[in-house]
Amino acid sequence: MMDTEGKVVVGVDGSESSIQALRLAARLAPALDARIHVVACWDFPQMYAGYIPPDFAAFEEAAAKNLAEALTKAFGPEAPEGLSQDLVRGPAASKLVETGAGAALLVVGRRGHGGFLGMHLGSVSSACVSHADCPVLVVHSDGSHRTHHL
């Protein structure tokens, strides 16, 4: 799929924590002698299957818009050198684990869009931590750091 050059894979959904993940990946990638590969996943929600005709283009366009906006929010007009990006159709957790195979690092936000308040890790970040074969960094958005007593 990609060449053997080191990569830091960043999962982006447009949430504040995924934008922080992009910024942190940009700081870490040079130390890992790696380039940044940004992935936005999209899929047709199964809850609509059979009820409305799938408009795959609309979901892909929304993901592309989220990706572009996240890159602009994270870096402004100057994206890091060598940055690559990909829109991937499928469940975010499995696609990020798959894309992260062989990566120097996989970086994801703690809880993206659709998370439940009070959960310490979202389902995607939990799955990445559990199943990725590379190191995984889970980033909290600014202001979300709280002390939890377990």
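Just so it is clear, the structure is predicted and the values come from calculations on it, not from any experiment.

Each value, and the rule that gives it
Residues numbered from 1 in each chain as written. Predicted model: local features only at pLDDT ≥ 70, side-chain atom pairs only at ≥ 80, totals over all residues. Heavy atoms only, no water. Helix = DSSP H or I, 4+ residues; strand = E, 2+ residues; numbered from the N terminus. Buried < 20%, exposed > 50% of the residue type's maximum accessible area, 1.4 Å probe, protein only. Contact = heavy atoms within 4.5 Å. Areas by Shrake-Rupley, 256 points an atom, 1.4 Å probe, with all protein chains shown as cover. pLDDT = per-residue confidence, 0-100. Salt bridge = Lys/Arg side-chain N within 4 Å of Asp/Glu carboxyl O. Disulfide = S-S within 2.5 Å. Core = buried A, V, L, I, M, F, W, Y, C linked by side-chain atoms within 4.5 Å. Axes fitted to C-alpha atoms, helices over the stretch in contact; angles between N-to-C directions. Left-handed = near helix turned anticlockwise from the far one by under 90°. Pairing = 2+ DSSP bridges.

A. Highlighting the overall build of the protein. For the protein, the count of helices and strands is 4 helices and 5 strands. N-terminal to C-terminal, the α/β element order of the protein is β-α-β-α-β-α-β-α-β. Taken across its 150 residues, the protein has 37% of its residues classed as buried. Long-range contacts, defined as pairs at least 24 residues apart, comprise 76% of the intrachain contacts of the protein with a sequence gap of at least 6. Working note: accessible area of the protein is about 8700 Å², and carbon and sulfur atoms make up 56% of it.

B. Spatial organisation of the confidence of the model for the protein. Per-residue pLDDT for the protein has a mean of 83; in total, 76% of the residues score no lower than 70. Per-element averaging of pLDDT across the protein places helix α4 (residues 123-131) at the bottom with 90 and strand β1 (residues 7-11) at the top with 96. Taken together, the stretch residues 114-120 has pLDDT below 50 and engages in 7 contacts with residues farther than four places along the chain or on a different chain.

C. Expanded view of the pattern of salt bridges. With the rule as written, the count across this model stands at 3 salt bridges. The partner of Lys95 in a salt bridge is Glu98, with the nearest N and O atoms 3.9 Å apart. Here the residue Lys95 and the residue Glu98 both occupy positions in helix α3 (residues 92-99), the gap between them amounting to 3 residues, near one helical turn.

D. Expanded view of the state of the cysteines. Going through the model one piece at a time under the given rule, you end up with 0 disulfides. The structure places no disulfide on Cys128, whose sulfur is separated from the nearest cysteine sulfur, that of Cys134, by 8.6 Å. Classification of Cys128 as buried rests on a relative accessible area of 0%. Given the relative accessible area of 8%, Cys134 is considered buried.

E. Spatial organisation of the nonpolar core. Of all hydrophobic cores here, the largest spans 21 residues; its most connected members are Val8, Val10, Val12, Leu22, Val38 and Val107. Elements supplying a minimum of two residues to this core: β1, α1 (16-28), β2 (35-42), α2 (56-75) and β4 (105-109). Not counting residues within four places of it along the chain, the set of residues in contact with Val8 comprises Ala25, Ala29, Leu32, Ala34, Arg35, Ile36, His37, Leu105 and Val107. Counting residues in hydrophobic clusters, the runner-up holds 12 residues, among them Val39, Leu96, Cys134 and Val138.

F. The arrangement of the packing of α3 against α4 in detail. At a closest axis distance of 9 Å, the pairing of α3 and α4 adopts a crossing angle of 35°. The element α3 and its partner α4 pack so that their crossing is right-handed. Along the contact surface, α3 presents Ala92, Ala93, Leu96 and Val97, while α4 presents Val124, Ala127, Cys128 and His131.

G. Spatial organisation of the sheet that holds strand β5 (residues 136-139). Strand order in the open sheet formed by 5 strands is β3-β2-β1-β4-β5, with parallel pairing between adjacent strands. Each of the sheet's edge strands pairs with one partner strand only, and the pair in question is β3 (84-89) and β5. The mean inter-strand angle of the sheet, taken between neighbouring strand axes irrespective of direction, is 25°.

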